[in-house]
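# What the coordinates show
Each chain, written out:
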Amino acid sequence: MPLRLFDSHCHLDDRSFNKDLEATLDRARQAGVGAMMVVGIDGPSSRKAAALAGQNSGLIASVGVHPHDAQSCSEETLDELGAIASNPAVRAWGEVGLDFNRMYSPQKDQEHWFMRQLEWGAQLNLPMIFHERDSQGRFLELLKDHWNPQRKGVIHCFSGSPSELKAYLDLGLYVGITGIVTLKSRGQALRRMVPDIPQERLLVETDAPYLTPTPERNKHRRNEPAFVRTVLLKLAQVSGRDPETLADITWNNACRLFGEP
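Here goes a summary of the coordinates provided. (Residues numbered from 1 in each chain as written. Predicted model: local features only at pLDDT ≥ 70, side-chain atom pairs only at ≥ 80, totals over all residues. Heavy atoms only, no water.)

### As for the sheet that holds strand S1 (residues 5-10)
Under the convention used in this document: We call two strands paired when DSSP finds no fewer than two bridges between them. Runs of H or I in DSSP of at least four residues are treated as helices and runs of E of at least two as strands, each being numbered from the N terminus. Each axis is a line fitted through C-alpha atoms, taken for helices only over the stretch in contact, and angles between the N-to-C directions span 0 to 180 degrees. The contact definition used throughout considers only heavy atoms, calling two residues in contact when any of these lie within 4.5 Å.
The 8 strands are arranged S1-S2-S3-S4-S5-S6-S7-S8 in an open sheet whose pairing can be described as parallel. Each having just a single partner strand, S1 and strand S8 (202-204) make up the two edges of the open sheet. Ignoring strand direction, the axes of neighbouring strands in this sheet form an average angle of 25 degrees. In the sheet, strand S4 (residues 90-99) pairs with strand S5 (residues 128-133) via 5 bridges, with the strands oriented parallel. When the bridges of S5 are listed, Gly-97 appears paired with His-131. Packed on one face of the sheet, helix H1 (residues 21-30) meets strand S2 (33-38) and strand S3 (59-63) and runs near 130 degrees to S2.

Structure below.
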């Protein structure tokens, strides 16, 4: 069936795509993926994401410093990202937030640069792309104190609890669903929560080259935007919605958040 799909979070700047980016984009378009958000995680990846978006139709980009890289962030880094954001292809600030799972950066650095990037996003009037993992409520605590519900943002790769989902929705955030929803064991709790997400807040994403969905992960180690179709079909199944209708809904949601590609 023909679907119009928007992969709202991928990392096509990743070196795993260096040798076959054009073929990757062709496969995505053949799968109905008409738009892709290429997400920056530090200075170099943000520069590359913006360049890719400027060179390829249907691609847009974001700039930001991921919590894993917070300890290497600086005011000079944010100045550079702000300059990159003047590119009209840049439509969001992120991926930013807190990740206490592996603690690649100390908590104090993560929190400081998370706050500064919230300020930069507000200054430039850009929607935010948020990352949260194992922060034991600290991410929400900080966000609630520094978030204007009139702003726009998405909680990327949501896999939290029902109470966290409610808190994100109360803050007016969109909710990005990845291939985790297709995984038999790991995605079980997420599938139970899907019906509680209002359709006007729902986004589909791959997080490529990570989080390859089932059944593609049986053949491919690397995820790619074409596989967002599998995420959409599983979401439609779990929520009892028509796939074509849900594809249009998630497309319109992404365009409302990031603007037309």
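Here the narrative resumes.
### Considerations on the environment of Asn-18
To keep it simple, the criterion reads: N or O atoms within 3.5 Å of each other form a polar contact, as long as, within protein, one can give a hydrogen and the other can take it, and as long as residues adjacent in sequence are counted only when both atoms are side-chain atoms.
Structurally, Asn-18 is set in the loop between S1 and H1. Sequence separation of Asn-18 and Leu-165 is 147 residues, and the distance between their C-alpha atoms is 36 Å. Among the polar contacts made by the side chain of Asn-18, one reaches the side chain of Lys-48 at a distance of 2.9 Å.

### Brief notes about the nonpolar core
Selection criterion: The criterion is simple. A nonpolar core is a set of buried Ala, Val, Leu, Ile, Met, Phe, Trp, Tyr and Cys residues joined through side-chain atoms within 4.5 Å. Between buried and exposed lies partly exposed: a residue is buried under 20% and exposed over 50% of the maximum accessible area for its type, with that area taken using a 1.4 Å probe on protein chains only.
By size, the foremost hydrophobic cluster in this structure holds 74 residues, and its most contacted members are Leu-12, Trp-93, Phe-114, Phe-130, Phe-139, Leu-143 and Ile-177. Contact partners of Phe-130, with chain neighbours within four places excluded, come to Val-96, Phe-114, Leu-118, Phe-139, Leu-143, Trp-147, Val-154, Ile-155, His-156 and Leu-173. Phe-6, Ile-129, Leu-203 and Phe-258 belong to the second largest nonpolar core, which has 15 residues in total.

### Some points on unusual backbone geometry
Of note, the amide linkage connecting Ala-208 to Pro-209 takes the cis form, showing an omega dihedral of 15 degrees. Position of Pro-209 relative to the elements: it lies in the loop between S8 and helix H8 (228-239). Phi angles above zero are rare outside glycine, and Asn-125 is one such case at about 55 degrees. For Asn-125, a relative accessible area of 67% puts it in the exposed group. Despite not being glycine, Asp-207 shows a phi value in the positive range, around 60 degrees. Inspection of the secondary structure assignment puts Asp-207 in the loop between S8 and H8. With a relative accessible area of 9%, Asp-207 lands in the buried category.

### Some details on empty space enclosed by the protein
Cut-off, in case you're wondering: Only protein atoms enter the 1 Å grid, on which a cavity is a set of points fitting a 1.4 Å probe that cannot get out and a pocket is an open set with protein on both sides within 12 Å along at least 5 of 7 lines, lining residues being those with an atom within 4 Å of a point. Grid points are joined across faces, edges and corners, and a volume is the space filled by probe spheres set on the points. Residues are grouped as follows: Ala, Val, Leu, Ile, Met, Phe, Trp, Tyr, Cys and Pro are nonpolar; Asp, Glu, Lys and Arg are charged; every other residue, Gly included, is polar.
Evaluation of the coordinates by the stated rule reveals 1 cavity of 30 Å³ or more. Only helix H5 (138-145) and helix H6 (162-170) provide two or more residues apiece to the lining of the largest cavity. Split into classes, the residues belonging to the lining of the largest cavity amount to 3 nonpolar, 2 polar and 2 charged.

### Comments concerning the layout of surface pockets
In this structure, the largest pocket encloses a volume near 790 Å³. Every residue lining the largest pocket is counted, 28 residues in all, and those nearest its centre are His-66, Asp-99, His-131, Arg-133 and Asp-207. Elements with a contribution of two residues or more to the lining of the largest pocket: S4, S5 and H6. Here the lining of the largest pocket takes 3 residues from S5, the largest share from any one element. In terms of residue class, the lining of the largest pocket is built from 9 nonpolar, 7 polar and 12 charged.

### Focus on the packing of aromatic side chains
Selection rule: In summary, the pairing rule links any two rings of Phe, Tyr or Trp, Trp by its six-membered ring, whose centres are within 6.5 Å, and it sorts them by plane angle into stacked for under 30 degrees, edge-to-face for over 60 and tilted for everything else.
For the structure on display, the rule yields 8 aromatic pairs. Ring geometry for Trp-93 and Trp-120: centres 5.7 Å apart, planes at 25 degrees, overall stacked. One end of the pair, Trp-93, is in strand S4; the other, Trp-120, is in helix H4 (residues 107-123), and 27 residues separate them in sequence. Across this residue pair, the class does not change: Trp-93 and Trp-120 are buried. Among the aromatic residues, ring-to-ring pairing joins Phe-114, Phe-130, Phe-139, Trp-147, Phe-158 and Tyr-168 into one connected group.

### Notes on the packing of H5 against H6
This is how it is decided: With respect to orientation, any angle under 35 degrees is reported as roughly parallel, any angle over 145 as roughly antiparallel, any angle of 65 to 115 as roughly perpendicular, and every other angle as oblique. Crossings are classed by handedness, with left-handed meaning an anticlockwise turn of the near helix from the far one by less than a right angle and right-handed meaning a clockwise turn.
The interhelical angle for the contact between H5 and H6, taken along N-to-C directions, is 15 degrees, at an axis separation of 11 Å. The angle between H5 and H6 falls in the class roughly parallel. Note that H5 runs across H6; the crossing there is left-handed. Contact with H5, carried on its side by Phe-139, Leu-140 and Lys-144, involves Glu-164, Ala-167 and Tyr-168 of H6 and no other residues of that element. Across the contact of H5 with H6, the residue classes tally to 4 nonpolar, no polar and 2 charged.

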